[in-house]
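Examination of the molecular architecture
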Amino acid sequence: MTRPIVNSILSGSLNHRQFQVLKDKVNVHYNDLLYFCEVRWLSRGAMLSRLCDLQQEIATFLRQRNLPHADQFSDPRWLARLALLMDITAHLNALNMMLQGKDILVRDMYAHIIAFEVKLRLWEAQLASEFVHFPRLAACAPDDVDLDTCVTVVTSLREEFASCFAGVRVLATDFKLFTAPFDFPVGRRPFLPGDGDGVAAVQI
């Protein structure tokens, strides 16, 4: 739903110019809306963040131009779902950034993934009573937030993580060879050339 709203403004040059004029009139400090790029995951969070920050201006513009989806911005429950989506996407973008860059070993990436799964279990339990880790959702009126939907979304995300990284999880013991080599089971040590029967010779 959010992508068609943004595209309805940005895809037409006339709509785009008129939206910029509206922003200038109300002294909005943002340059413009952002497109979502399918091949760049971080753009999803940037697009949603800008949409949330400009929701009043977008709603006004859609009504003035009689464009679709204007009524969505008058629905507090839809806005609450949008806030939940924004908060979760922000957390996913933070994880994405931790998995990128130079000098990041696979053991570090695995540790970040496991930590995020622990967070998902924590949020799944907390969402029934508090939104401390979901600032945009916390700004919504409590009556507008569907707690069952929030918990269901986080549960689905946790299950998807468990499924996607099942193949990596079986290698957790092997990662200990790098994180805690003295605790690594000797019987699982990789075979090296010259080991003979696979048992390392210990020289003192």
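Below is a summary of the structure that appears in this document. For every chain, the first residue of the written sequence is number 1, and numbering continues from 1 along that sequence. For this predicted model, a pLDDT threshold of at least 70 governs which residues receive local features, and a threshold of 80 or more governs which side-chain atom pairs are given and counted, while totals over whole chains, interfaces and linings are taken from all residues. Only hydrogens and water are removed before side-chain values are computed, so all heavy atoms of the structure are retained for them.

**Quick word on unusual backbone geometry**
The phi dihedral of D103 falls on the positive side, at around 60°, and the residue is not glycine. Secondary structure elements follow DSSP: runs of H or I no shorter than four residues count as helices, runs of E no shorter than two count as strands, and numbering proceeds from the N terminus. By the element assignment, D103 lies in the loop between helix 5 (76-98) and helix 6 (106-126).

**Some words on the environment of V145**
Assignment of secondary structure puts V145 in the loop between helix 7 (135-138) and helix 8 (147-164). We call a residue buried when its accessible area falls under 20% of the maximum for its residue type, exposed when it is over 50%, and partly exposed in between, using a 1.4 Å probe and counting protein chains only. A residue is classified by how much of its surface remains accessible, and V145, at 8% relative accessible area, is buried. Measuring from C-alpha to C-alpha, the distance between V145 and L79 comes to 9.1 Å, with 66 residues separating the pair along the chain. Contacts are residue-level and defined by heavy atoms, with any inter-residue pair within 4.5 Å sufficient. Excluding anything up to four places from it in sequence, V145 contacts A80, F131, L137, C140 and C150.

**What about the pattern of salt bridges?**
Side chains that differ in sign of charge can pair as their charged atoms come close. Salt bridge, as used here, is a side-chain nitrogen of Lys or Arg placed within 4 Å of a carboxyl oxygen of Asp or Glu. If you walk through the whole model with that rule in mind, you get four salt bridges. With its nearest N and O atoms 3.8 Å apart, the salt bridge here joins R77 to D146. Of this pair, R77 sits in helix 5 while D146 sits in the loop between helix 7 and helix 8, placing them 69 residues apart in sequence. Take D146: its relative accessible area is 30%, and that puts it in the partly exposed class. Residue E117 is joined to R169 by a salt bridge in which the shortest nitrogen-to-oxygen separation is 2.7 Å. With E117 in helix 6 and R169 in helix 9 (residues 166-169), this residue pair connects regions lying 52 residues apart in the sequence. Residue classification places R169 among the partly exposed positions, given a relative accessible area of 30%.

**Focus on the packing of aromatic side chains**
Only Phe, Tyr and Trp rings take part, Trp by its six-membered ring, and two of them pair if their centres are within 6.5 Å. Stacked means planes under 30 degrees apart, edge-to-face means over 60, and tilted covers everything else. Tallied over the full model, the rule gives five aromatic pairs. For the ring pair F73 and W78, a centre distance of 5.3 Å and an interplane angle of 70° mean the geometry is edge-to-face. There is no split in this pair, since F73 and W78 are both buried. Seen from their ring centres, F116 and F161 are 5.2 Å apart, and the 35° between their planes marks the pair as tilted. Separated by 45 residues along the polypeptide, F116 in helix 6 and F161 in helix 8 bring together distant segments of the chain. Residue classification places F116 among the buried positions, given a relative accessible area of 5%. Members of the aromatic cluster, each reached through a chain of ring pairs, are F116, W123, F134, F161 and F165.

**Things to note about the packing of helix 5 against helix 6**
For helices, the axis comes from a line fit to the C-alpha atoms of the stretch in contact; other axes are also lines fit to C-alpha atoms, and the angle between any two N-to-C directions lies between 0 and 180 degrees. Between helix 5 and helix 6, the least distance of the axes is 10 Å, while the angle of their chain directions is 165°. By the criterion of interaxial angle, the relationship of helix 5 to helix 6 is roughly antiparallel. Crossing hand, helix 5 versus helix 6: right-handed. Taking contact as the criterion, the partners of H91, L92, L95 and M98 in helix 5 are, on helix 6, H112, I113, F116 and W123. What sets the label is the angle itself: under 35 degrees gives roughly parallel, over 145 gives roughly antiparallel, 65 to 115 gives roughly perpendicular, and the rest give oblique. Crossings are sorted by hand: turned counterclockwise from the far helix by less than a right angle, the near helix makes the crossing left-handed, and turned clockwise it makes it right-handed.

**Section: the nonpolar core**
The term nonpolar core refers to a set of buried residues drawn from Ala, Val, Leu, Ile, Met, Phe, Trp, Tyr and Cys, joined through side-chain atoms within 4.5 Å. Judged by nonpolar contacts, the single largest core of 20 residues is most densely connected at F134, L137 and F161. Within the residue set of this core, elements represented by two or more residues are helix 5, helix 6 and helix 8. Here this core gets six residues from one element, more than from any other, and that element is helix 5.

**Let's talk about the packing of helix 6 against helix 8**
Following both chains from N to C, one finds helix 6 and helix 8 inclined at 155°, their axes separated by 9 Å at the closest point. As judged from the angle between their axes, helix 6 and helix 8 are roughly antiparallel. Where helix 6 crosses over helix 8, the two elements pack in a sense that is left-handed. Residues I113, F116, E117, L120, R121, W123 and E124 of helix 6 touch helix 8, and the partners they reach there are V151, V154, T155, L157, R158, F161 and A162.

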